[in-house]
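These are the residues of each chain, in order.
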Amino acid sequence: MVVEVYSGGSLGTWRDTIEGLEPGIVQIVCESIGTLEAYSPTAGIDAYPYLYNDYEHYKKVMLNGEIGEKLLTTVGEEGGFVLMGPSNRGARVMTSNKKIESVDDLKGVKIRAPGIQMYIKTWEYLGASPVPMDASEIYTGLQQGTVDAQENPVMYAYGNAFYDVCDYLVLTNHVFSTDVFIFNDDFFNGLPAEQQQVFRDAAKEAGDFRTKLVEDKEADTIKLMEEKGMEVLRPDVSKFQAKLTDFAKEFPNLTSLVEEIHAAK
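In short, a report on the structure.

What counts and how
- Residues numbered from 1 in each chain as written.
- Predicted model: local features only at pLDDT ≥ 70, side-chain atom pairs only at ≥ 80, totals over all residues.
- Heavy atoms only, no water.
- Helix = DSSP H or I, 4+ residues; strand = E, 2+ residues; numbered from the N terminus.
- Buried < 20%, exposed > 50% of the residue type's maximum accessible area, 1.4 Å probe, protein only.
- Contact = heavy atoms within 4.5 Å.
- Salt bridge = Lys/Arg side-chain N within 4 Å of Asp/Glu carboxyl O.

**Here's the deal with the environment of Met230**
Alright, step 1. Examined against the element boundaries, Met230 turns out to sit in the loop between α8 (193–227) and β8 (231–233).
Alright, step 2. Here Met230 falls in the buried class, since its relative accessible area comes to 3%.
Alright, step 3. Along the primary structure Met230 and Tyr158 are separated by 72 residues, whereas in three dimensions their C-alpha atoms are 11 Å apart.
Alright, step 4. Apart from residues lying up to four places away in sequence, Met230 is in contact with Thr95, Tyr163, Cys166, Asp167, Tyr168, Leu169 and Met225.

**Digging into the pattern of salt bridges**
Alright, step 1. Across all of its chains, the model carries eleven salt bridges by this definition.
Alright, step 2. In this structure, Asp179 engages Arg89 in a salt bridge whose closest nitrogen and oxygen atoms are separated by 2.9 Å. Residue Asp179 is found in strand β7 (residues 176–184), and its partner Arg89 is found in strand β2 (residues 81–96); the two are separated by 90 residues along the sequence.
Alright, step 3. Arg89 gets classed as buried once you look at its relative accessible area, which sits at 14%.
Alright, step 4. Across the pair Lys121 and Glu124 runs a salt bridge whose closest N-O atoms are separated by 3.8 Å. One end of the pair is Lys121 and the other is Glu124, both in helix α4 (residues 117–125) and three residues apart, which spans about a single turn.

**A word on unusual backbone geometry**
Alright, step 1. In this model, Ala161 sits at a positive phi of 55°, which is unusual for a non-glycine residue.
Alright, step 2. Structurally, the position occupied by Ala161 is in the loop between α6 (154–159) and β6 (168–170).
Alright, step 3. We note that Asn173 has phi near 50°; this positive angle belongs to a residue other than glycine.
Alright, step 4. Take Asn173: it is sitting in the loop between β6 and β7.
Alright, step 5. According to the relative accessible area criterion, Asn173 is partly exposed, its value standing at 37%.

Geometric values such as these leave the question of function open.
Now the structure itself:
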């Protein structure tokens, strides 16, 4: 089996590609679970702020646990997808042209956020002014001052050279987000069982490889960004969490899942 890869937005935005699954314009999309929010109310959990105690808790629950498996099944069933091969994208952090040493420094900061309600509400609670913007527009938006900051995993920020247009790397670690391989369910279920298994095995291998890659490279990438001239800031995240105390009321449909994840050991 041969898979042709089109990267870097060459087939359009992530919304375009996900919308292209049903008509068969594309057969597979690799994106975060949260991008399926418009199709599945459960998918928003992917972007829930400070959901996990730490990285080990995230990995045990989401990548290697029953809760993670159940979540992929639920989102798939709600949205008409088959999801597989979960991988860690890396903790989401900020790159900014304003110095963010505490949560109070976020007041009025224009931050690019994905057009996903969970992210938008998070930054509103933290006092910033979220600006929905496609990923392909972030660099120019920062360069021209349309936004003051953006938030993404460290390796994404480095790969897109945000160190050229931002002065500060702010290690908020506010979300552990998960990428998956997304198939239209009719397409996937129409494949012979043998080919379905080939995809599942390859997705598992690719997901594990990517997770290990992030684990191995994240700390070094922070150092590289520092060498590029960025000042690395490590604010007290407990103050960020305190601002989000009542956040659960915004998404009551996720309350039981949030509690289940918090309780998982």
